[in-house]
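Here is what each chain is made of, one letter per residue.
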Amino acid sequence: MRYANFYPSSGLYHVSLPLLMGTRLDALLFGDDRQLLENVWNDAEAELVRVEKMLNRFDSESEVAKVNAAMQFSSVRLSDELWTILLDCRKYHELTDGYFDITTSDFGKIVFLEESHNILADKYGLTLDFGGYAKGYALKCIRKRLAAAGIGRALVNFGNSAVLALGTHPFGDSWPVCIEDPYSRTAAARIELCNTSMSVSGNTPSNPQHIVNTKTAAVVQGDVMVAVVSDDPVDAEALTTAWVASGEERKPAWMERFNLKNTYKIR
């Protein structure tokens, strides 16, 4: 059940959504004007739902699901937004040496028809999966809306797997976020965020085999978990997935390439 409330004594607007993009979302917005905060968040929430509707390949009515079905047989035209997202994913594929791959292992089989904004699958069964991109993109969209409305202090948290922090906690100089080790159920790391974003990726007891090494097409085994802090929520989201897929070897080069603030090996 959706929950929302405003606490006048602290100027806090809190909203909780039980299931969005596969996880729970909590948002904290601070300000004196309750109506403004409610209006801003309602707009932001509508944007989150819109992005999920576009990128959720499991929803047969989503644009991505329709593209996945159509591109098996002929070229298909993308909306301007999805075309831009796909170009962004191509950039991440190149900058991570192929370890970020929204097709799992065959990104090079997507044929881009630049003039018409059409794509075609050069391999039957190829599908697009934005699971390692969508939350970061959604947070980037939300950040634009909050900034445009003058909201300077907020925390948007997708179940500790993707977090956007604006400003600082009312009683501190940052937003402290604790990452739980899913295997021991203990606090594995405490990360201080201020005007930045964080993404966490890895295997969990309930979902132990969902990240693929794109070079070998093998599922990443073992209890591995990493976190990336970046000014760009999409950078953070894409790089955690690529880091888990690739292992430790490329991390130093990627930190320099993306000017990352911090990375954490949780497991």
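Preceding this paragraph is the structure being described.
About the thresholds
- Residues numbered from 1 in each chain as written.
- Predicted model: local features only at pLDDT ≥ 70, side-chain atom pairs only at ≥ 80, totals over all residues.
- Heavy atoms only, no water.
- Buried < 20%, exposed > 50% of the residue type's maximum accessible area, 1.4 Å probe, protein only.
- Helix = DSSP H or I, 4+ residues; strand = E, 2+ residues; numbered from the N terminus.
- Pairing = 2+ DSSP bridges.
- Axes fitted to C-alpha atoms, helices over the stretch in contact; angles between N-to-C directions.
- Parallel < 35°, antiparallel > 145°, perpendicular 65-115°, else oblique.
- Contact = heavy atoms within 4.5 Å.
- Nonpolar A, V, L, I, M, F, W, Y, C, P; charged D, E, K, R; others polar.
- Left-handed = near helix turned anticlockwise from the far one by under 90°.

1. Regarding the pairing of strand E9 (residues 175-181)
Inference 1: Side chains Trp175, Val177, Ile179 and Asp181 of E9 all project onto a buried face; the interleaved residues Pro176, Cys178 and Glu180 project onto a face where none is buried.
Inference 2: Both E9 and strand E10 (residues 186-193) contribute to a ladder of 7 bridges, which runs antiparallel. Across the sheet, Glu180 pairs through a bridge with Ala187, a residue of E10.
Inference 3: Here E9 hands over to E10 after 4 residues, with Arg185 in that stretch at a positive phi of 60°.

2. Observations concerning the packing of helix H1 (residues 34-55) against helix H3 (residues 80-95)
Inference 1: Orientation of H1 relative to H3, taken along the N-to-C sense of each, is 75°, at an axis distance of 12 Å. In terms of orientation, H1 and H3 fall into the roughly perpendicular class. Residues Arg50, Met54 and Leu55 of H1 lie in contact with H3, whose contacting residues are Glu81, Leu82 and Ile85.
Inference 2: Looking at the contact of H1 with H3 residue by residue, the class counts come to 4 nonpolar, no polar and 2 charged.

3. Observations concerning the sheet that holds strand E4 (residues 76-77)
Inference 1: Across the sheet, which stays open at both edges, the 3 strands sit in the order E4-E6-E5 with antiparallel pairing between neighbours. With one partner strand each, in any of the chains shown, E4 and strand E5 (110-113) form the two edges of the open sheet.
Inference 2: Here E4 pairs with strand E6 (residues 118-121) via 2 bridges, running antiparallel. Counterpart to Arg77 in the pairing with E6 is Asn118.
Inference 3: In the packing of H3 onto the sheet, contacts are made with E4, E5 and E6, and the angle to E5 comes to roughly 125°.

4. With respect to the packing of H1 against helix H4 (residues 134-148)
Inference 1: Packing of H1 against H4 leaves a shortest axis separation of 10 Å and a crossing angle of 155°. Viewed along their axes, H1 and H4 adopt a mutual orientation that is roughly antiparallel. At the point where H1 passes H4, the crossing takes the right-handed sense. Contact with H1, carried on its side by Val40, Asp43, Ala44, Glu47, Leu48, Val51, Met54 and Leu55, involves Ala134, Tyr137, Ala138, Cys141, Ile142, Arg145 and Leu146 of H4 and no other residues of that element.

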